[in-house]
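# Descriptive analysis of the structure
Spelled out, the chains give:
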Amino acid sequence: MSEPVRTEGLMPGRDWCPTVDTARCENPAAFVLFGATGDLTWRKLIPAIYSLTADDLLPCGLPIVCIGRRAGALGELTEWLREGVARFARKRPVDDALWKQIASRIQYVHGDLEDPATYDAIGEVFQWADQHCGGPIGRLFYLATPPEIFGTVFEQLKARGLVTSEATGERWSRVVVEKPFGRDLPSARELNRLVTGLLSEEQVYRMDHYLGKETVQNLAVLRFANSIFEPLWNERHIDHVQITMAESVGVEGRAGFYDAAGALRDVVQNHVLEMLALVAMEPPVAMDPDALRDEKLKVLRSLRPLSPEEIDLSVVRGQYGPGTVGGEEVFGYRQEPRVPADSRTETFVAMRVHIDNWRWGGVPFYLRAGKRLRRRETEIVVAFKPAPHLVFGGRRQGVRENRLTIRIQPNEGIRLCFAAKQPGPGLQIEPVPMEFYYARAFTHEPPEAYERLILDALTGDRTLFARGDGVEASWRFITPILRHWESCADGPPEYPSGSWGPPEADRLLQWTGHRWQNPDDEADACRCS
Ligand code: BG6
């Protein structure tokens, strides 16, 4: 028998939703959070709600309905959430009066997501909220839960009429689902089928928080608001492209999820391929949700499929062993709490991929992502072809290819590397950088990715969310790799924590005469600092 469902927070007599004034609210809504006692809620979602509230960007009096399984009273929940805000919110230190105001709008439905009574309790909260807020308000459901439960939640919400496919008056329903959307192509298709059977595609917001990062959004601006890059942005001028998403952290208490996922599912299928699509897509006809996502989809569909033999040659995996990161000794992956001692889960992936279309024919794209690497850095490197002829005879040593490095994080910025003459007699050539850094160029602090995306979902802007067909296209490319690894007798080789991954990842580039751009490579004048 599951525990009885409890609701705390609202109900007559409580001065809840005190500032709701629907005349002032253009977009009154409730934020309904499944997985409210999870890590994502603590580190990202509630801190984002706090910072948005501090910037006065949310619908006034936004009710926050938290649904979770962890036992405990509302007071304990809000205390724990406050701690997350104090540690992770962009707007810090916490303003007590502001937090009190947010906490007074938090509703805690404590129940099992399999239990229909939980949904009855949510329905009561809605009824109460509608009455209290002067009429039907919108509902933004956020599923920060493991994907296995998505289906149950959707079906229960629909069966109880808590989500409706059509908007009626002020009432709209939208559902945000966290990644990973499925485990492979069949499960992603199944999930899409289920979701779009209950709701329209327009109501589904598939979250990929990388799309909310300022620097990722800037990719489209860099390419399409400037006239100097686009004429060069093709196989005639670009030699190869590198995308690196390196993390210095390990699994950080998420072993349960991570060990069943691995790096390919966790970040490559979504974050890395989304960045690839933005770098490689054609100019969209407009920056509207469908135009942008149509172009990204074409890229994902043009990824050259890999046969098992090609996977062995062009995809490398690894698992972190013990080592030193940032001067600190750290465990290997298999020694992490709750990771099986014989785990074969990859924590590192590097691959060479091709986009078979007119723009990119013959240009290799090198992708890599991993945990416990030497530094945290995400960057995109566009390496241009060499000049067709050099007139400098023996004095050409310092001539390198031009490189444009787009630093996604940290120290966000862009660096263009080109050759210059060293001052002085004779002719000595050296690569030099031309740089732009956000922190120097703009004084205001950029919002966190989750802030931007929660706000977009509340206002109904889907541009920065993945579409169902795009998600399927990326799984179509990734799934054969997963299957092939499942059938291999060997697991991933170990790499020392604090390195740049297994040596096989370097060899992947060497045979084409390329090498990874690493930020700690002192000999590389074009690296970003
Ligand atoms: C998440 C992954 O999607 O992205 C995590 O599940 C990863 O494993 C995280 O650590 C990285 O995000 P960011 O914004 O810190 O680069």
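Residues numbered from 1 in each chain as written. Predicted model: local features only at pLDDT ≥ 70, side-chain atom pairs only at ≥ 80, totals over all residues. Heavy atoms only, no water.

### Thoughts on the confidence of the model for the protein chain
Keep this limit in mind: Within a predicted model, pLDDT stands for the predictor's per-residue confidence, ranging from 0 to 100. When checking whether two residues touch, look at their non-hydrogen atoms; a contact exists if any pair is within 4.5 Å.
Per-chain confidence: the protein chain averages 90 in pLDDT, with 92% of residues scoring 70 or above. Note on residues 11–24: pLDDT is under 50 here. Beyond four places in sequence and across chains, it has 37 contacts.

### What about the site of the ligand?
Here is the rule we go by: Definition of nearness: a residue and a molecule or strand are near each other if at least one heavy atom of the residue lies within 4 Å of the molecule or strand. For this analysis, a polar contact is any N or O atom pair within 3.5 Å, provided that within protein one partner can donate a hydrogen and the other can accept it, and provided that sequence-adjacent residues contribute only side-chain to side-chain pairs. In this description, accessible areas are obtained by the Shrake-Rupley approach with a 1.4 Å probe, and a residue is regarded as covered only by the protein chains that are shown. Helix and strand labels come from DSSP, where a helix needs a run of H or I of at least four residues and a strand needs a run of E of at least two; each type is numbered from the N terminus.
Around the ligand, 13 residues are found, and the nearest of them are Tyr210, Lys213, Glu247, Asp266 and His271. One of the side-chain nitrogen or oxygen atoms of aspartate 266 is found 2.6 Å away from an oxygen atom of the ligand. In isolation the ligand offers 400 Å² of accessible surface; the protein chains occlude 82% of this area. The dominant element in the shell around the ligand, judged by the number of residues it contributes, is helix α9 (residues 263–280), at three residues.

### A short note on the pattern of salt bridges
Side chains that differ in charge, positive against negative, can pair when their charged atoms come close. Under the convention used in this document: A pairing counts as a salt bridge when a side-chain nitrogen of Lys or Arg comes within 4 Å of a carboxyl oxygen of Asp or Glu. Type-normalised accessible area, obtained with a 1.4 Å probe on protein chains alone, sets the label of each residue: buried when under 20%, exposed when over 50%, and partly exposed for intermediate values.
Inspection of the entire model under this criterion finds 34 salt bridges. When the shortest N-O distance is used, the salt bridge between aspartate 266 and lysine 179 registers 3.3 Å. In this pair, aspartate 266 sits in helix α9 while lysine 179 sits in the loop between β6 (173–177) and α6 (185–198), placing the two residues 87 residues apart along the sequence. Across this residue pair, the class does not change: aspartate 266 and lysine 179 are buried. Put simply, glutamate 379 and arginine 407 hold a salt bridge, and the shortest N to O gap is 3.0 Å. With glutamate 379 in strand β13 (residues 377–384) and arginine 407 in strand β14 (residues 403–409), this pair connects stretches of sequence that are 28 residues apart. Shared partners join several salt bridges into a network, and the residues in it are Asp55, Arg90, Lys91, Glu445 and Glu451.

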